[in-house]
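# Summary of the model geometry
The residues making up each chain are set out below.
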Amino acid sequence: MKTVLITGAAGFLGSHLSDRFIAEGFKVIGVDNLLTGDTDNIAHLFGNPNFKFVHHDITEYNFFAEDIDYILHFASPASPIDYLKLPIQTLKVGSLGTHKILGLAKEKGARYLLASTSEVYGDPLIHPQTEDYWGNVNPVGSRGVYDEAKRFSEAMTMAYHQYHGVETRIIRIFNTYGPRMRLHDGRAIPNFIRQALKGEPVTVYGDGSQTRSVCYVDDLVEGIYRLLMSDEVNPVNIGNPSELTMLDLAKEIIELTGSDSKIVFEDLPQDDPKIRQPDITRAKEILGWSPKVDRKEGLEKTIADFRKRLS
Ligand code: UDP
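Because the structure is a prediction, the values reported are computed rather than measured.

### Quick notes on the sheet that holds strand S5 (residues 111-117)
The strands making up a sheet associate through hydrogen bonds between their backbones, and the pairing can be parallel or antiparallel. Taken together, 7 strands build an open sheet; the order of strands is S3-S2-S1-S4-S5-S6-S11 and the sheet is parallel. Looking along the sheet, the strands with just one partner apiece sit at the ends: strand S3 (51-55) and strand S11 (236-238). Across the sheet, the mean angle from the axis of one strand to that of its neighbour is 20 degrees, orientation sign disregarded. One ladder, built from 5 bridges, connects strand S1 (residues 3-7) with strand S2 (residues 27-32); its direction is parallel. Bridged to Thr 3 within S2 is Lys 27. Here helix H1 (residues 12-23) sits on the sheet and contacts S1, S2, S3, strand S4 (70-73) and strand S6 (168-173); the angle it forms with S1, its principal contact strand, is near 170 degrees. Packing of helix H6 (residues 217-229) onto the sheet brings it into contact with S4, S5, S6 and S11, and relative to S6 it is tilted by some 160 degrees.

See below:
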């Protein structure tokens, strides 16, 4: 039986990954300091003999007695409202945390996968974004703490691969949504769904013409699994290329929830990317991956989960 260690296991993506790897017959060691994660997301795994939770801050020294075959590095605050509240922790987990987890991968001879992000492209000047685009990031803006930490993480990951021969993988994740996102996560989809279900005004920032391309969590998890099991060392975009404006997304969610909420316009946050769409040619060619869940189906599943948690 193979063992996978997942950092950020109590978070949105970490918890879905824990489920997937348990289902695939792995032993899962889930590590989280619960800064933005929540044990509610993994409570159903407690008591499973193949799952172990360790409450730990990975920016401190990491000791694990077990043999570890794979490491998925997913720990980080991940919503723009978190970067504003937790800027130093965001920088620390991406830099010190990444360094220490790479050190653990080297020590254990484990294959390591880094959760990187479309944020490495910043406010992109090419569209859609291909992996060979270097990005347009403001290092001193409010998002810089996340974007630069992830860019550093990628550089550190490549250095451990090239200098120490650690087997590494880098996924660049585009906007992903699904059940278990925090009700007050602050990102567009959880905000819009919560507001619509409560009959509150739906807050669109700016004029809502900025675009995103949103991917359902199950599709993302499949992409991560395939990348981990592949031989690909260079970054791979995983996301759903179906792009829409935030105003259209708000309208779609109001309709799907059957809400009579009205849309209100609020200030656009600093450095908010104007457009974003993954070019997934490499994911298709290398991993045979493409997204399967369309937005209506994915949003309906997410709305059902929010409805349950709000009641
Ligand atoms: N957004 C919005 N209303 C909200 C939350 C977010 O209009 O209540 C916008 C935000 O300004 C951005 C887009 O939705 O243009 C996606 O934001 P999110 O925080 O989900 O992720 P990002 O891709 O910006 O990291």
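Here the narrative resumes.
### Focus: the packing of aromatic side chains
According to the stated counting rule, one finds 9 aromatic pairs in the structure shown. Each ring, one from Phe 21 and one from Tyr 225, has its centre 5.2 Å from the other, and the planes form 45 degrees; the classification is tilted. Taken as a pair, Phe 21 in helix H1 and Tyr 225 in helix H6 lie far apart in primary sequence, 204 residues in all. The two residues Phe 21 and Tyr 225 agree in class, both being buried.

### Comments concerning the site of the ligand
Taken together, 18 residues surround the ligand, and among them Arg 143, Thr 203, Arg 212, Asp 272 and Arg 276 come closest. Residue Thr 203 places a main-chain N or O atom 2.6 Å away from a nitrogen atom belonging to the ligand. One of the side-chain nitrogen or oxygen atoms of Asp 272 is found 2.6 Å away from an oxygen atom of the ligand. Out of a free accessible area of 520 Å², the ligand has 95% covered by protein chains. When its residues are assigned to classes, the shell around the ligand shows 7 nonpolar, 5 polar and 6 charged.

### A few points about the pairing of S1
Of all 5 residues that make up S1, 5 are buried, and the element is covered over most of its length. Taking every second residue as pointing to the same face, both faces of S1 are buried, with Thr 3, Leu 5 and Thr 7 on one and Val 4 and Ile 6 on the other. Remark: the S1/H1/S2 crossover connection has right-handed handedness. In the sheet, S1 pairs with S4 via 4 bridges, with the strands oriented parallel.

### Considering the layout of surface pockets
Empty space within the second largest pocket amounts to approximately 210 Å³. Along the walls of the second largest pocket sit Leu 35, Thr 36, Gly 37, Asp 38, Asp 40, Asn 41, Arg 180, Arg 182, Asp 305 and Arg 309, which together make up its complete lining. Residue composition of the lining of the second largest pocket, grouped by class: 1 nonpolar, 3 polar and 6 charged.

### Thoughts on the nonpolar core
Nonpolar side chains in soluble globular proteins generally cluster together in the buried interior. Ranked by internal contacts, the top residues of the largest apolar core, which has 56 residues, are Phe 21, Leu 72 and Phe 74. Counting residues per element, this core draws most heavily on H6, which supplies 7 residues. Those residues in contact with Phe 74 that sit more than four places away from it in its chain are Thr 7, Gly 8, Leu 13, Leu 17, Leu 113, Ala 115, Ile 173 and Ile 224. Of all hydrophobic cores here, the second largest spans 23 residues; its members include Ile 29, Leu 104, Ala 105 and Val 166.

### Some details on unusual backbone geometry
Trans peptide bonds make up the majority, and among non-glycine residues the majority have a negative phi. A cis geometry characterises the amide bond from His 127 onward to Pro 128, with omega recorded as -10 degrees. Locating Pro 128 in the fold gives a position in the loop between S5 and helix H4 (144-164). Despite not being glycine, Arg 180 has its phi angle at roughly 85 degrees, a positive value. Along the chain, Arg 180 turns up in the loop between strand S7 (176-177) and helix H5 (188-197).

### Focus on H5
With respect to burial, H5 is a largely interior element, 8 of its 10 residues being buried. Among all positions in H5, only Ile 189, Pro 190, Asn 191, Phe 192, Ile 193, Arg 194, Gln 195 and Ala 196 are buried. For H5, the elements touching its buried residues are S7, strand S8 (202-205), helix H7 (246-257) and helix H9 (295-310). Gly 199 lies just past H5 and shows a positive phi near 70 degrees.

About the criteria used
Residues numbered from 1 in each chain as written. Predicted model: local features only at pLDDT ≥ 70, side-chain atom pairs only at ≥ 80, totals over all residues. Heavy atoms only, no water. Pairing = 2+ DSSP bridges. Helix = DSSP H or I, 4+ residues; strand = E, 2+ residues; numbered from the N terminus. Axes fitted to C-alpha atoms, helices over the stretch in contact; angles between N-to-C directions. Contact = heavy atoms within 4.5 Å. Phe/Tyr/Trp six-rings, centres within 6.5 Å; stacked < 30°, edge-to-face > 60°. Buried < 20%, exposed > 50% of the residue type's maximum accessible area, 1.4 Å probe, protein only. Near = heavy atom within 4 Å. Polar contact = N/O pair within 3.5 Å; in protein donor to acceptor, adjacent residues only side chain to side chain. Areas by Shrake-Rupley, 256 points an atom, 1.4 Å probe, with all protein chains shown as cover. Nonpolar A, V, L, I, M, F, W, Y, C, P; charged D, E, K, R; others polar. Right-handed = clockwise from strand over helix to strand, strands pointing away. 1 Å grid on protein atoms, 1.4 Å probe; cavity = no way out; pocket = protein on both sides within 12 Å on 5 of 7 lines; lining within 4 Å. Points joined across faces, edges and corners; volume = space filled by probe spheres on them. Core = buried A, V, L, I, M, F, W, Y, C linked by side-chain atoms within 4.5 Å.

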